[in-house]
Amino acid sequence: MLDLPWGWEPLDLPADGTVYHRGTVAKHGSQKQVIAASAPRMGMTSAAVLTMKMIYAFRPRYVAMCGIAAGFPGKCSLGDIVAVDPGWDYGSGKWKLQGKTPVFLPAPHQIGLDSFIRGKLSLMAQDGGILDEIRRRWSAAEIPTALRMHLGPVASGAAVIAEPGVSELIKRQHRDAFGLEMETYGVFAACEDCSLPQPKAFSLKSICDFANARKADSYQSYAAFTSAAALQVFVERFL
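Residues numbered from 1 in each chain as written. Predicted model: local features only at pLDDT ≥ 70, side-chain atom pairs only at ≥ 80, totals over all residues. Heavy atoms only, no water.

A.B. asks: How do you make sense of the sheet that holds strand β1 (residues 9-11) when you look at a structure like this?
C.D. replies: Working definition: the strands of a sheet are paired by backbone hydrogen bonds and lie parallel or antiparallel to each other. Overall, antiparallel pairing links the three strands, which are arranged β1-β2-β3 in an open sheet. In the strand order of this sheet, the two ends are held by β1 and β3 (30-37), each with one partner. Along the sheet, successive strands turn relative to each other by an average axial angle of 45°, direction set aside. When β1 meets strand β2 (residues 20-27), the two strands line up antiparallel, connected through three bridges. From the neighbouring strand, Pro 10 faces β2, where its bridge partner is His 21. Helix α1 (residues 44-58) rests against β1, β2 and β3 of the sheet, and its axis sits at about 145° to β3. (Pairing = 2+ DSSP bridges. Helix = DSSP H or I, 4+ residues; strand = E, 2+ residues; numbered from the N terminus. Axes fitted to C-alpha atoms, helices over the stretch in contact; angles between N-to-C directions. Contact = heavy atoms within 4.5 Å.)

What follows is the structure, given as structure tokens:
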């Protein structure tokens, strides 16, 4: 995020240990303020706490998250951007014994996108020229696949998954799911449950692996780049 050309500068708030950065983006003939921060730990809890802090400190109109996610093979490619719609906690449900075997019965609460945000993201996802422009901005190793953007379900959970059997169980919670990650549902829940005026939330996560035994870090930098670059394009041209 801080590589985006939005004139970032550190911003300290009294009695708040979080490191914020303030930038500006030109929109409709005026300068709009953007605040960036990183949660101290992975996971929905830390993301939800940070989101709520930022809502009450800055009262934003929009809350956006970018970052990396694990994809489901056949649904997306490494580096692809997924706009999460809806998001849910894949650990929500009930464990019970079926005979002597523990069985998990999922009961997820799903949170979807605001219709305005969904429509604008859909327009961007259909623009192959913009997505190719983002891919060509990547200056490191050559990427052999075209960059795509998807709108679809992504599950959130507390654990890093590197086992295809576990990811297959999570995939069954939504037949159209694109993948899984660790924070988005917490961000969505914080925005949904805060006091008025509530910001509109969206999350752009890019695929860095497929949550299996071949899980590696080789695509993390590219996925982080495509996610942040997509956020920049969306804010500057569509929002």
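A.B. asks: Mind showing me how you'd approach the pairing of strand β10 (residues 200-209) here?
C.D. replies: Side-chain positions along a regular strand alternate between the two faces of the sheet. For β10, the buried fraction is high: nine of the 10 residues fall into the buried class. In this structure, strand β4 (residues 62-71) lies alongside β10, joined through nine bridges in parallel fashion. Bridged to Ala 69 within β10 is Ile 207. Bridging between strand β5 (residues 81-89) and β10 involves three bridges; their strand directions are antiparallel. Bridge pairing in β10 links Val 82 to Lys 205. (Buried < 20%, exposed > 50% of the residue type's maximum accessible area, 1.4 Å probe, protein only.)

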